[in-house]
Amino acid sequence: MDSRIIIFDTTLRDGEQSPGCSMNGDEKIRMAKQLERLRVDVMEAGFPIASTGDFEAVRRIAGTIEQSTVAALCRAVQGDIDRAWEAIGSARRPRIHTFIATSDIHLVHKLRKTRSEVLNDAVRAVAYAKSLCDDVEFSCEDASRSDIGFLAEIVAAAIEAGANVINLPDTVGYAIPREYGQMFKTIRERVQNIDRAILSAHCHNDLGLAVANSLAAVENGARQVECTMNGIGERAGNAALEELVLAIKTRHETLGVHTAIHTEEISRSSKLLTSLTGMMVQRNKAIVGANAFAHEAGIHQDGVLKSAITYEIMTPQSVGIRESTLVLGKHSGRHALRQRCAELGYELEPAELERVYQEFCVIADRKKEVFDDELIAIVEQGDGGFVEEYHLEGLHVSTGTALRPTATVELRRAEERLVDSAIGDGPVDAVYKAMERITGMVGKLTEYTLKSVSLGHDAVGEAFVRVMFDGVQFNGRAVSTDVITGSAKAYLEAMNRACAARKRKEEREQQSVIVPHT
Ligand code: KIV
Ligand code: ZN
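Residues numbered from 1 in each chain as written. Chains lettered and ligands numbered in written order. Predicted model: local features only at pLDDT ≥ 70, side-chain atom pairs only at ≥ 80, totals over all residues. Heavy atoms only, no water.

Quick look at the domain arrangement of the protein chain
Part 1: Looking at the protein chain, the domain boundaries give domain 1 (6-277), domain 2 (294-379) and domain 3 (391-506).
Part 2: Taking the mean C-alpha position of each, domain 2 and domain 3 sit 27 Å from one another.
Part 3: Taken together, the eight residues of domain 2 in the interface contact nine residues of domain 3.
Part 4: Overall, the association of domain 2 and domain 3 removes approximately 820 Å² of surface from exposure, summing both partners, and the carbon and sulfur fraction of that is 62%.
Part 5: It is Arg366, Lys367 and Glu374 in domain 2 that bury the most area against domain 3; as a group they hold 47% of the surface buried on that side.
Part 6: Across the contact surface, domain 2 and domain 3 share one salt bridge.
Part 7: Between Asp482 and Arg366 there is a salt bridge whose closest N-O contact spans 3.8 Å.
Part 8: Along the contact surface separating domain 2 from domain 3 lie one residue pair in polar contact (both at pLDDT 80 or more).
Part 9: Elements that contribute at least two residues to the side of domain 2 that touches domain 3 include exactly helix H15 (350-366) and helix H16 (372-381).
Part 10: By residue class, the composition of the side of domain 2 that touches domain 3 is three nonpolar, no polar and five charged. (Domains from an automatic or database assignment. Contact = heavy atoms within 4.5 Å. Buried area = accessible area lost by both parts, 1.4 Å probe. Salt bridge = Lys/Arg side-chain N within 4 Å of Asp/Glu carboxyl O. Polar contact = N/O pair within 3.5 Å; in protein donor to acceptor, adjacent residues only side chain to side chain. Helix = DSSP H or I, 4+ residues; strand = E, 2+ residues; numbered from the N terminus. Nonpolar A, V, L, I, M, F, W, Y, C, P; charged D, E, K, R; others polar.)

Observations concerning the packing of helix H4 (residues 78-88) against helix H6 (residues 115-132)
Part 1: Remark: H4 packs on H6, axes separated minimally by 10 Å, with the N-to-C direction vectors making an angle of 25°. In terms of orientation, H4 and H6 fall into the roughly parallel class. In this structure, the crossing between H4 and H6 has a hand that is right-handed. Where H4 approaches H6, its residues Gln78, Ile81, Asp82 and Trp85 are matched on the opposing element by Ala125, Tyr128, Ala129 and Leu132.
Part 2: Counted by class, the contact of H4 with H6 contains six nonpolar, one polar and one charged residues. (Axes fitted to C-alpha atoms, helices over the stretch in contact; angles between N-to-C directions. Parallel < 35°, antiparallel > 145°, perpendicular 65-115°, else oblique. Left-handed = near helix turned anticlockwise from the far one by under 90°.)

Topic: the sheet that holds strand S4 (residues 94-101)
Part 1: In space, the eight strands of this closed barrel follow the order S1-S2-S3-S4-S5-S6-S7-S8, with parallel pairing throughout. Across the sheet, the mean angle from the axis of one strand to that of its neighbour is 25°, orientation sign disregarded.
Part 2: Against the sheet, H4 contacts strand S3 (69-75) and S4, and its axis sits at roughly 160° relative to S3. (Pairing = 2+ DSSP bridges.)

Comments concerning the coordination of the zinc ion (ligand 2)
Part 1: Protein-derived coordination of the zinc ion (ligand 2) comes from Asp14 (OD), His202 (NE2) and His204 (NE2), at a distance range of 2.0 to 2.1 Å.
Part 2: All donors of the zinc ion (ligand 2) come from a single chain, and their spacing in sequence reads D-x187-H-x1-H. Of this pair, Asp14 sits in helix H1 (residues 11-15) while His204 sits in the loop between strand S7 (198-203) and helix H9 (210-219); the two residues are 190 residues apart in sequence, bridging distant segments of the chain. The pair Asp14 / His204 is uniform in exposure class, with both members buried. (Donors = N, O, S within 2.8 Å, 3.2 Å for Na, K, Ca; no water. Buried < 20%, exposed > 50% of the residue type's maximum accessible area, 1.4 Å probe, protein only.)

A closer look at the sheet that holds strand S14 (residues 444-452)
Part 1: Taken in spatial order, the three strands make up an open sheet running S14-S15-S16, and their pairing is antiparallel. The sheet terminates laterally at S14 and strand S16 (472-480), the two strands that pair on one side only. In this sheet, adjacent strand axes meet at a mean angle of 15° when their direction is disregarded.
Part 2: The pairing of S14 with strand S15 (residues 461-469) spans eight bridges and is classified as antiparallel. Following the sheet pairing, Lys444 is matched in S15 by Met468.

Things to note about unusual backbone geometry
One can expect most non-glycine residues to show negative phi and most peptide bonds to be in trans.
Part 1: In the Ramachandran plot, Arg235 falls in the positive-phi region, its phi being about 50° despite a non-glycine side chain.
Part 2: Among the secondary structure elements, Arg235 is positioned in the loop between strand S8 (224-227) and helix H10 (241-250).
Part 3: One non-glycine residue, Asp470, lies in the positive phi region at around 50°.
Part 4: By the element assignment, Asp470 lies in the loop between S15 and S16.
Part 5: We classify Asp470 as exposed; its relative accessible area is 69%.

Description of the packing of aromatic side chains
Part 1: Counted under the stated rule, the structure contains five aromatic pairs.
Part 2: Taking 5.0 Å as the distance between ring centres and 70° as the angle between the ring planes, the aromatic pair formed by Tyr180 and Phe184 counts as edge-to-face. Note that Tyr180 and Phe184 are positioned in helix H8 (residues 177-190) at a spacing of four residues, about one turn of the helix.
Part 3: Aromatic side chains Phe469 and Tyr491 sit 6.4 Å apart centroid to centroid with 65° between the ring planes, which places their arrangement in the edge-to-face category. Pair noted here: Phe469 is in strand S15 and Tyr491 is in helix H18 (residues 483-513), with a separation of 22 residues, a long-range link.
Part 4: Every member of this aromatic cluster is reached through a ring pair, and the members are Tyr432, Phe469, Phe474 and Tyr491.
Part 5: We note Arg83 situated over the ring of Phe55; from NZ or CZ to the ring centre the distance is 3.6 Å.
Part 6: Sitting over the ring of Tyr346, Arg268 keeps its end group 4.7 Å from the ring centre. (Phe/Tyr/Trp six-rings, centres within 6.5 Å; stacked < 30°, edge-to-face > 60°. Lys NZ or Arg CZ within 6 Å of the ring centre and 35° of its normal.)

What follows is the structure, given as structure tokens:
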């Protein structure tokens, strides 16, 4: 049996659809490009029938990605399949991923269909998908709670209809490793045409067993595993890509399998996702948590210094973590900055270099030394991909134990300078209120996080906000040595995104009322 495990990444679909993880089209493209650098074999780009935004993002990813297979999810319904194909048909390596639930629980309570109706739907869907695309994956939703006899029957029929990948998800994270592994074993024993398909595992983490279950599937013949970066996903998340890949790499002698993942890109992928979604990774998270490679206990430090093998089962370098080297200071120019960014893996175009340089100067002016992690945070912040309506010219905040926090903010809109002040519950609240007075845009802050990018009292902080304007959610993020300025810039970015979305909507509306002359 082939010892290569196919890594199917669903960060942009199962991951992105979970609360707190949404990304806009530009952000999805950035993540997709990074996943390609990570060398995932397949990336599931989205669920095109779900919304126009999802459809557009999948279509753009399909047109951008060259090496990885790009998959689109669809229910076992012709309209869904057509929409999925419309989105990914132009990809270099497209895959249609169609699914239907197979457990009696879902059949009775959700689909209200009999087993034979579900079987017919599955066969029709797979055959139709196959008429459009050579690469078809079929998923039996809630497979782990399905009757094994029915599961074997539907798997055989789906392969006969043309499915080349069969996915057996533990949709609700209910299985334990022994059971999940056994399901794969039984399916391989009972389904006669199973050799014509690749078996895939897809595990949710409700009981914290997603990675263990996926490995049990691998030990029982699964040759594709579905996972997400940082383990993001519905409820407790999906199997974490980094954990699966490093388990396979570290224990390859025992497991006897390998992946093609470029593990040195793991840390960067994890950080990019955090910065795009604001979804923080816990410090003690395996592989990508801040403490994952930190040896604090004296006895451990002593051992690691004598020989790393005493306590280190994998190296930080193998996942792309470098020692945070001292880099540049305020006298460093564009050339040195571009060079250091290139060493860190970022080839910056002139416009991007200019943006990074300007941000870098602001930070370097405040602190003597700018570290790699801080530089990466500036680069990852991106330019948002939109023209900013308002620019922060300055702010002044008074706060203290005996003072009502008061902020004065100055914004620039084109050539116009706009100033206003407000009192708030705290200094950040006061700044946001002043901005709202200036712009007339009142938002509902649904998420606010602040984290330190590096160490030390002068460390750079990264602020992330999610704000609702007119019922639509916009993200904003910014890095700064000053937490109030960072918070202000992040909020302003969300405001600017809302302005850009409003403009795009107005343009679309204007176009739709233009009646052509005959
Ligand atoms: O968890 C699940 O069952 C899924 C399928 C749609 C593949 O995400
Ligand atoms: Zn899932």
